[in-house]
Each structure stands twice: as structure tokens, then as C-alpha cells.
Amino acid sequence: MSYRDQYENKDIALIDILDTVLDKGVAIKGDIVISIAGIDLVYLDLRILISSVETLVQHHQKAAESLSSERMDKEKEALEHATERS
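This one's a predicted model, so the numbers in the text were calculated from it and none came from an experiment. (Residues numbered from 1 in each chain as written. Predicted model: local features only at pLDDT ≥ 70, side-chain atom pairs only at ≥ 80, totals over all residues. Heavy atoms only, no water.)

Novice: Could you clarify how one ought to interpret the pattern of salt bridges in this entry?
Specialist: Oppositely charged side chains can form a pair if their charged atoms are brought close together. All told, the structure shown has one salt bridge when counted by the stated rule. We note a salt bridge from R47 to D45, for which the minimum N-O separation is 3.3 Å. Among the residues examined, R47 registers a relative accessible area of 62% and is labelled exposed. (Salt bridge = Lys/Arg side-chain N within 4 Å of Asp/Glu carboxyl O. Buried < 20%, exposed > 50% of the residue type's maximum accessible area, 1.4 Å probe, protein only.)

Novice: Would you take a moment to explain the environment of D40 for this structure?
Specialist: In this fold, D40 is placed in strand β2 (residues 39–50). Overall, D40 belongs to the exposed group, its relative accessible area being 58%. Setting aside residues no more than four positions away along its own chain, D40 makes contact with V33, I34 and S35. (Helix = DSSP H or I, 4+ residues; strand = E, 2+ residues; numbered from the N terminus. Contact = heavy atoms within 4.5 Å.)

Written out as C-alpha cells, the structure reads:
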């Protein structure tokens with residue numbers, strides 16, 4: 001059974017889709033070129049991020065924790081301790 005078959009005959013409300021999009025976030029990237037007679041007139045580079053503020057804040061906090069200097073110092077000490085043994 002394919003992924004599409006699972007949802008083909010089910011009613012999905014717009015609020016369910018919106019809830020999932022805001023909870024996980026969606027990034028859309030696209031390019032549009034408008035040309036006439038082979039001459040490019042307009043080029044649009046589109047980048048859209050749709051997410052809830054809470055999701056963005058949680059992602060930012062996780063990224064800050066993973067890059068914190070305290071964590072780097074702890075890992076450096078552990079590495080130095082491991083190399084002293086050998």
C-alpha cells in the first residue's frame with residue numbers, strides 16, 4: 001500500500017494540514033523566469049519559510065545548545081583526558 005493510498009479516501013480538514021505545517025514547518029524554494037522571445041525579462045528567486053513562532057524558537061534553542069561554548073569546553077576536556085591515557 002502506497003503512502004498516497006492510505007490517505008486517498010480519508011477526509012482531511014484544512015485545520016489538520018495547517019496544524020501539521022505549523023508544527024513541523026515547511027520550506028519552499030523556487031525560481032521563476034519570465035521571458036519573451038527567448039529574452040529573460042524577470043527573474044524571481046523565491047524562498048518561503050512557514051512555521052509557528054514556537055517551532056522556530058525551539059529549533060533556535062536546540063541549535064544554540066548544540067553550539068554552546070560550555071559544551072565545546074566539556075568535549076575538549078574529555079578529549080584531552082582520553083588522549084592523556086594513551
